Amino acid sequence: MEPLIITCAPVGAEVMPDQTPYLPVTPERLGETARAIREAGASIIHVHCRNDDGSNTHDVARFRQAYEAIRAQSDLIVQFSTGGAIGMTPDERAAPLQLHPEMATLTCGTVNFGDDVFENSFPIMRGILAKMHEFGVRPELEIFDKGHLANARRLAKEGLLTFPQHVDLVLGVPGGLEATVQNLTDLVDDLPPECTWSVAGIGRQQLPMALAAIAMGGHVRVGIEDNIYYSKGRLARNEELVARVARIAEEAGRPVATPEQAREILGLTSLAAAT
Ligand code: KMH
Ligand code: ZN
């Protein structure tokens, strides 16, 4: 089977520093985290930024510092969030794309998000995609619900996307599609041909969804953005979540992809050629 791409989402926008001491809030800690998760087997880092007090920011200067800190300590594929945090404007969410990260997320539709609404109307999606085209950034399509795949196909019909793409199936958000193996297989069956995919299970479902993806030939996202626990009552470090998936995959006969192998699988330019 194809080597396993492990994405780590180490910080996100929802987990706060009073919930866990392992949240990498500053660019410096993101850099250290990048080194640790790379050693543990990750090949992609999904980046959100925080201010020193833990509040969310999509400030371009802060993203630049984070990008530089990550690159100084690792060869990971750097994937910026364009989802940001609830309440950010679409322009704020898209602003860091001007830094030309290799990848960035594109959430493919609006979804209830706990008691909030994570808004991704067609105009918002078109606007973010236009910025991705302008700055040469490869999207990762984030699918929180079944209808989001239909939305992605509509964007493709409009000529704003071409398939295949890399797709991340985010399952278990309260308000989105539940994290079950049945839902995962239904979504995978519905993907356009040749798409690569990963799954991000939320909370307790992170590990079961990872196990399913390893067996199915998909890829895996883990990290504190999606799950703060290693096991019941025991807080996780990001690198531990990555290392566990890498260990299980190796046992199951799926070697773990290096970042350069992941670039090849995803059709991204090799880091050596890009710099
Ligand atoms: N924080 C969520 C509202 C993404 O990174 O692209 C959106 C999110 C998705 O985390
Ligand atoms: Zn995110």
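Bear in mind the structure is a predicted one, so any value in this text is a computation, not a measurement.

**Focus on the layout of surface pockets**
In this structure, the largest pocket occupies an estimated 740 Å³ of space. Surrounding the largest pocket, 38 residues form its lining, Ile202, Gly203, Glu225, Asp226 and Asn227 being those nearest its centre. Those elements that place two or more of their residues in the lining of the largest pocket are strand E6 (103-107), helix H7 (206-216) and strand E13 (229-231). In terms of residue class, the lining of the largest pocket is made up of 16 nonpolar, 14 polar and eight charged. Within this model, the second largest pocket holds a volume of roughly 290 Å³.

**Some points on the coordination of the zinc ion (ligand 2)**
In the first shell of the zinc ion (ligand 2), the protein supplies His46 (NE2), His48 (NE2) and Glu225 (OE), at 2.1 to 2.2 Å from the metal. One chain supplies every donor to the zinc ion (ligand 2), and in sequence these donors are spaced H-x1-H-x176-E. One end of the pair, histidine 48, is in the loop between strand E2 (44-47) and strand E3 (49-50); the other, glutamate 225, is in the loop between strand E12 (219-222) and E13, with 177 residues separating them in the sequence.

**A short note on the sheet that holds strand E1 (residues 6-8)**
Spatially, the eight strands close up into a barrel ordered E1-E2-E5-E6-E9-E10-E11-E12, and their pairing is parallel. Averaged over all pairs of adjacent strands, the angle between their axes in this sheet comes to 25°, without regard to strand direction. Where strand E10 (residues 166-171) and strand E11 (residues 196-201) come together, six bridges link them in parallel fashion. Across the sheet, the residue bridging to valine 167 is tryptophan 197, located in E11. Strands in contact with helix H6 (residues 181-189) are strand E9 (138-143), E10 and E11; relative to E10, the strand with the most contacts, it is inclined by about 155°.

**Brief notes about empty space enclosed by the protein**
Under the definition given, this model contains one cavity of 30 Å³ or more. For the largest cavity, the calculated volume is near 40 Å³. Of all the secondary-structure elements, those providing two or more residues to the lining of the largest cavity are H7 and helix H8 (238-251). Of all the elements, H8 adds the most residues to the lining of the largest cavity, at three residues. The class makeup of the residues in the lining of the largest cavity is four nonpolar, two polar and one charged.

**Let's talk about the pairing of E11**
In terms of burial, E11 is a largely internal element, six of the six residues being buried. In this fold, the crossover linking E10 to E11 by way of H6 has right-handed handedness. Inspection of the sheet shows E11 paired to E12 by two bridges, in the parallel sense. Within the sheet, the bridge partner assigned to serine 198 lies in E12 and is histidine 219. The β-α-β motif built from E11, the intervening H7 and the parallel element E12 has right-handed crossover chirality.

**Focus: the pattern of salt bridges**
A full pass over the atoms with the stated rule returns 15 salt bridges. Between glutamate 102 and arginine 71 there is a salt bridge whose closest N-O contact spans 3.2 Å. Of this pair, glutamate 102 sits in the loop between helix H3 (90-94) and E6 while arginine 71 is found in helix H2 (residues 60-73), placing the two residues 31 residues apart along the sequence. For arginine 71, a relative accessible area of 25% translates into the label partly exposed. Glutamate 158 serves as the salt-bridge partner of arginine 126, at 2.8 Å between the closest nitrogen and oxygen.

**Quick notes on the side chain of threonine 107**
Mapped onto the elements, threonine 107 comes out in strand E6. Excluding residues that lie within four positions of it along the chain, threonine 107 makes contacts with Phe118, Asn120, Met125, Glu142 and Phe144.

Conventions we followed
- Residues numbered from 1 in each chain as written.
- Chains lettered and ligands numbered in written order.
- Predicted model: local features only at pLDDT ≥ 70, side-chain atom pairs only at ≥ 80, totals over all residues.
- Heavy atoms only, no water.
- 1 Å grid on protein atoms, 1.4 Å probe; cavity = no way out; pocket = protein on both sides within 12 Å on 5 of 7 lines; lining within 4 Å.
- Points joined across faces, edges and corners; volume = space filled by probe spheres on them.
- Helix = DSSP H or I, 4+ residues; strand = E, 2+ residues; numbered from the N terminus.
- Nonpolar A, V, L, I, M, F, W, Y, C, P; charged D, E, K, R; others polar.
- Donors = N, O, S within 2.8 Å, 3.2 Å for Na, K, Ca; no water.
- Pairing = 2+ DSSP bridges.
- Axes fitted to C-alpha atoms, helices over the stretch in contact; angles between N-to-C directions.
- Contact = heavy atoms within 4.5 Å.
- Buried < 20%, exposed > 50% of the residue type's maximum accessible area, 1.4 Å probe, protein only.
- Right-handed = clockwise from strand over helix to strand, strands pointing away.
- Salt bridge = Lys/Arg side-chain N within 4 Å of Asp/Glu carboxyl O.

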